[in-house]
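Breakdown of the fold
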Amino acid sequence: METAEIRRRWLKFFEDNDHVVVPSAPLIYDDPNLLFVNAGMVPMKPYMLGQQTPPWPRATSVQKCVRTGDIEEVGKTSRHGTFFQMNGNFSFGDYFKERAIELAWGLVTTPIADGGYGLDPERVWPTVYEDDDEAYAIWHEKIGIPVERMTRRGKEDNYWNMGVPGPGGPCSELFYDRGAQYGAEGGPAVDEDRYMEFWNLVFMQDDLSQVRSKADFDIAGPLPAKNIDTGMGLERMATLLQGKDNLYEIDEVFPVLAKAAEMTGRKYGEKSGQAAGQSHPDDVHLRVVADHVRSSLMLIGDGVTPGNEGRGYVLRRMLRRAVRAMRLLGYEDKALPELLPVSMDRMKASYPELEIDFPRISQIAYGEEDAFRRTLGAGTVILDTAVTKAKQSAASTGGGQATLAGEQAFQLHDTYGFPIDLTLEMAAEQGVQVDEPGFRRLMQEQRDRAKADAKSKKAGHAHTEVWRELRALGATDWLAYQGLSADAKITGIVVDGVQVPELRPGQTGQVVLDRTTFYAESGGQIADSGVIAGPYGELPVRDVQRPVKGLVVHTVEAGEHGLTVGDAVEAKVDPEWRVSACQAHSGTHVVHAALRQVLGPSALQSGSYNKPGYLRLDFAWNSGLSAATRSEIEEVSNLAVRQDLPVSAQFMTLPEAREWGALALFGETYDEQVRVVEIGGPWSRELCGGTHVAHSSQIGALTLTGEGSVGSGVRRVEALVGMEALRYLAKERMLVAELSGMVGAQPGELRDKVDALLVRVKDAEREIARLKQEQVQAEAASLVEQAQDISAVKVLTHHAGDLPADQVRSLVLSLRARLGDASGSVVAVTGVNAGRPVVVIATNQSARDRGIQAGALVKQAASVLGGGGGGKPDVAQGGGQDPSKVDEALSAVACAIRQTLD
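Scope of this entry: the structure provided in the associated data block. Because the structure is a prediction, the values reported are computed rather than measured. (Residues numbered from 1 in each chain as written. Predicted model: local features only at pLDDT ≥ 70, side-chain atom pairs only at ≥ 80, totals over all residues. Heavy atoms only, no water.)

**Section: the overall build of the chain**
What counts, and what does not: Here a strand is any run of E in DSSP of at least two residues, a helix any run of H or I of at least four, and the numbering for each starts at the N terminus. Relative accessibility under 20% of the residue-type maximum defines a buried residue, over 50% an exposed one, and the middle range a partly exposed one, all with a 1.4 Å probe and only protein chains included. Every accessible area reported is derived by Shrake-Rupley at a probe size of 1.4 Å, with residue values counting cover from the shown protein chains alone. Working convention for charge: Lys and Arg count positive, Asp and Glu count negative, and His plus the chain ends are omitted. Here the site of a charge means NZ on Lys, CZ on Arg, CG on Asp, or CD on Glu.
Looking only at helices and strands, the chain features 25 helices and 35 strands. Taken over the C-alpha atoms alone, the chain extends approximately 105 × 75 × 50 Å along its principal axes. Per-residue burial over the chain gives 50% buried out of 902 residues. Looking at the chain as shown, the accessible area adds up to about 39400 Å², and 49% of this sits on carbon and sulfur atoms. Averaged over its 95 positive side-chain charges, the chain has a centre that lies 4 Å from the centre of its 123 negative ones.

Laid out in structure tokens, this is it:
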């Protein structure tokens, strides 16, 4: 049974059992604790926590998920994968344990011909929480599971919590016995490879007040309503129903693995046993490729782009691990253009949007592989330099095997993205070992810092309790689309995370109103500015946020006057601020539409930011825009402004919006009812909750001010609108006038005049360089006389002063020629250009016959200068950081020659 069919049956079964089918949320989710959605229940958390009233008593979904905590285990076990799909069914105060167990048992054991999964009932092993006699009785007495196939387990295995105060409860997990060929007999407590977990039924019944760890928490009491949260791993069920050894061999994953095997000439499974622990390294590498290519496809599809932090770093790491695994398998060419389309072909059955968006997705992925290939090239040079120094250090201390410091290996990994396994392999090829324990220690320290940071963020999430309490008093009546001011009442005040009855003079705190016209920061648009006018004066509003859905919170700075809960106030948005903000947000939509018109439909927005008068927009593209292209985008945008296109907004369901062709922003989570903003009909149609002008002409002038790269396959344009654009153009006009006056030309003649001046400057620079070169060559004859004799080899060392590298090289070659070939000769010359020293060394054949190599001498000199270098035995060049050590570097060269000749 194909994975897409398993998915379809799940949704149909629960829909037939009165559950509402809820679409998957994007992998990027608005949760301070999570980089990605990592469980099927994440989009349901507001209902579990009581932050929102669930719109339905029962729901079901197939949620996209990514977990990266065990990324190093990918390919080594049958269970670990980064991207996976979690089939979930949920009850909010409706059915509980008995019905949840009945539904699970019914779906998995109903014959395939009757719409179920057809698992053998005799091979299903339930586990229950150690104290959950009720669930134990249901499984044994109602379902008929014999006691020898049931296991009671402790909190670590069979009690679920979020890791922070909130809902929790015991759970019951379902395992399937795959047979003796997969491991030892005795149930999941003995072997979780043979007995594969595929479903977890969580019975949310407790309100947790303190959570210190997975198994250490305090239960404050029962929840007001008991909920059900279950999750069945789609890939695990596919593994079982397709009779595969592990999730890498199912229909949605294996085609990529097979393609990678074909490309590398490997035969998958040829040297491995059935159990995951019996896997050959080649098979592990192939599984890593298959898993990471699919995960990267899904992440880019949901708007993640490669970067050095957060989500972008996770994606970058997976793409590079996939490419690196292919290299370890012997494949040196570009791999992703062969592999990514295979993954898309398999995943599009469940996610058809991947095929539509594939031009953008592939552009980003291929750009990252190209960048990594360049990184490997640069990292190899850095590694070679470090290995050379390690060898020199070992030689100078009297022998022993050269060792590359753990700090250097970590820097290569952390700063340059150079994989540690590649460092180990390449160092070993040159006879150098790596301080791997030191590297692992630094990696662990980095992980510990990341965990501490995540823990602090998770602890901060507990502060949302105060917002949940205020939300329970009622949602904010949000009137930002209706006007700029509204009479309101203060329903809550929070200072330093604690509810207080008043905001005293001099304090800054968060104020909750029952009604507000302030726009809360979201969708790339910053919050409105304005004041809250109270009984004793006006207090400036510094920020506006939505900490929980339905609640608008104003950060207010109290000067001489304070506020009290219950006060009647007026929320007043600064009208100039709002007008400029509307111009910027509508301008963002216009620029986005212009980009797609000029560059094509793959130039999709991947992020934006706008504030009064200014906008920036990130979009999928892997090359810089020419001046002509930027000018065309600006012209298309301003034509749309001039045409006075109508701007309208309407609400509709998400499926209707997609049917209508509205563009959704990556990473945004949308309700079933969404707002579609349209400019000029279908020309620009986007899902958006921001504030906008009524007609495009109200945007005013629009001028692009910058364009550049912000990551692999992602570009950014910046623009000014309205008065800010006019001010910018006025400054440029003034600058042109000033320059025209300075060069004595009319503005229209300025370019030609500057071109002529630049030609004259370049001619003058060339003449100066020529004269300087002639002067240096004239001095060469006298320099030859300064050569010293070291064991019948003429050695000439000289510091040429402020001289660029090319002229230093020319002088060295000239001096070597003047010394002739009658005997051995070595020339070493240093120069300084722009504050950085350079050294060039040349030898003749006689000197090389006596063991003097220019490349080795340059490395010695460059190390004194604080840099590196290399080259051929006859001519080599290097540089460094410290120009004060040029004389010391030349002395080191002479000393090295003596040691060689002695």
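Resuming the write-up.
**Points about the packing of aromatic side chains**
Stated formally: Here the aromatic set is Phe, Tyr and Trp, taking the six-membered ring for Trp, and pairing holds for ring centres within 6.5 Å; pairs whose planes are under 30 degrees apart are stacked, those over 60 apart are edge-to-face, and all others are tilted.
Enumeration according to the criterion identifies 17 aromatic pairs in this entry. Ring centres 5.6 Å apart and planes at 75° place the aromatic pair Y47 and F92 in the edge-to-face group. Here F92 lies in strand 3 (residues 83-92) and Y47 lies in helix 2 (residues 45-48), a separation of 45 residues in the sequence. Just as Y47 is buried, F92 falls in that class too. Pairing F96 with F203 gives two aromatic rings, centres 6.0 Å apart and planes at 65°, and the pair type is edge-to-face.

**Here's the deal with the sheet that holds strand 27 (residues 684-687)**
To keep it simple, the criterion reads: If DSSP finds at least two bridges between two strands, the strands pair. Axis lines are fitted through C-alpha atoms, for helices just across the contact stretch, and the angle between N-to-C directions can take any value from 0 to 180 degrees.
Spatial strand order, 25-26-27: three strands in an open sheet with antiparallel pairing. Bordering the open sheet on either side are strand 25 (647-653) and strand 27, each of which pairs with just one other strand. When the angles between neighbouring strand axes are averaged without regard to direction, this sheet yields 25°. The pairing of strand 25 with strand 26 (residues 673-679) spans seven bridges and is classified as antiparallel. Pairing of V647 across the sheet is with I679, part of strand 26.

**Things to note about the packing of helix 1 (residues 3-16) against helix 3 (residues 97-109)**
So the rule is basically this: Under this scheme an angle from 65 to 115 degrees is roughly perpendicular, one under 35 degrees roughly parallel, and one over 145 degrees roughly antiparallel; angles in between are oblique. By definition, turning the near helix anticlockwise from the far helix through less than a right angle yields a left-handed crossing, and turning it clockwise yields a right-handed one. Here, two residues are considered to be in contact whenever any of their heavy atoms come within 4.5 Å of each other. When residues are sorted by character, Ala, Val, Leu, Ile, Met, Phe, Trp, Tyr, Cys and Pro go into the nonpolar class, Asp, Glu, Lys and Arg into the charged class, and all the rest, Gly among them, into the polar class.
One can describe the packing of helix 1 onto helix 3 by two numbers: an axis separation of 11 Å at closest approach and a directional angle of 135°. Comparing their axes, helix 3 and helix 1 come out oblique. Like other packed secondary-structure pairs, helix 1 and helix 3 cross with a definite hand, here right-handed. In this structure, helix 1 contributes W10, F13 and F14 to the contact, and helix 3 contributes L103, G106 and L107. Here the residues of the contact of helix 1 with helix 3 sort into five nonpolar, one polar and no charged.

**Here we look at the packing of helix 24 (residues 854-864) against helix 25 (residues 886-901)**
Two quantities define a packed helix pair, namely the angle between the helix axes and the distance between the axes. Viewed as axis vectors pointing N to C, helix 24 and helix 25 meet at an angle of 145°, and their least axial separation amounts to 8 Å. As for how helix 24 packs across helix 25, the hand of that crossing is right-handed. Only E888, A889, A892, V893, A896 and I897 of helix 25 make contact with helix 24, whose side of the interface consists of L857, Q860, A861 and V864. Residue composition of the contact of helix 24 with helix 25, by class: eight nonpolar, one polar and one charged.

**Focus on helix 17 (residues 575-599)**
Let me state the cut-off plainly: To estimate the expected span of a helix, subtract one from its residue number and multiply by 1.5 Å. Polar contact criterion, stated in full: a pair of N or O atoms within 3.5 Å, where within protein one must be able to donate a hydrogen and the other to accept it, and residues adjacent in sequence count only if both atoms are side-chain atoms.
Here helix 17 is 25 residues long and its end C-alpha atoms lie 36 Å apart, about the 36 Å a rise of 1.5 Å per residue gives. The N-capping residue of helix 17, defined by a side-chain oxygen 3.0 Å from the backbone nitrogen of E576, is D574. Just past helix 17, the residue G600 takes up positive phi, approximately 115°.

**Quick notes on helix 25**
The first and last C-alpha atoms of helix 25 sit 23 Å apart over 16 residues, in line with the 22 Å expected at 1.5 Å per residue. Within helix 25, burial applies to V886, A889, L890, A892, V893, A894, A896, I897 and L901. For helix 25, the elements touching its buried residues are strand 30 (788-790), strand 31 (793-799), strand 32 (824-833), strand 33 (836-843) and helix 24.

**A word on the state of the cysteines**
Applied cut-off: Note on disulfides: each one is a pair of cysteine sulfur atoms within 2.5 Å.
Taken as a whole and assessed by the stated rule, the structure comprises zero disulfides. Just so you know, C65 is unpaired, no disulfide at all, and the nearest cysteine sulfur is the one on C171, 16 Å from it. Assessed through its relative accessible area of 0%, C65 is described here as buried. No disulfide involves C688; its sulfur sits 10 Å from the nearest other cysteine sulfur, which is in C582.

**Looking at the sheet that holds strand 29 (residues 714-721)**
Strand order in the open sheet formed by four strands is 23-24-29-28, with antiparallel pairing between adjacent strands. Sheet topology places strand 23 (605-611) and strand 28 (702-711) at the edges, where each strand pairs with a single neighbour. Ignoring strand direction, the axes of neighbouring strands in this sheet form an average angle of 15°. In this sheet, strand 24 (residues 614-620) lies alongside strand 23 in antiparallel orientation, the contact comprising six bridges. Pairing of Q605 across the sheet is with F619, part of strand 24. Against the sheet, helix 17 makes contact with strand 23, strand 24, strand 28 and strand 29, and its axis sits at roughly 30° relative to strand 24, the strand it touches most.

**Looking at the pattern of salt bridges**
What counts is decided by this rule: Salt bridges are identified by distance alone: a Lys or Arg side-chain nitrogen within 4 Å of an Asp or Glu carboxyl oxygen.
One pass over the structure, following the stated rule, counts 43 salt bridges. In this structure, D345 engages K348 in a salt bridge whose closest nitrogen and oxygen atoms are separated by 3.7 Å. Note that E724 is salt-bridged to R727, the shortest N-O span being 2.9 Å. Taken as a pair, E724 and R727 lie in helix 20 (residues 722-743) at a separation of three residues, close to a single helical turn. You can call E724 partly exposed: its relative accessible area is 34%. The network of salt bridges with shared partners includes E2, D251 and R346.

**Observations concerning unusual backbone geometry**
A positive phi angle, near 55°, is found at D496, a position not held by glycine. Along the chain, D496 turns up in the loop between strand 13 (485-495) and strand 14 (498-500). Unusually for a residue other than glycine, S791 sits at a positive phi of about 50°. Among the structural elements, S791 can be located in the loop between strand 30 and strand 31. The exposure class assigned to S791 is partly exposed, which follows from its relative accessible area of 36%.

Honestly, it's all geometry; don't read function into it.
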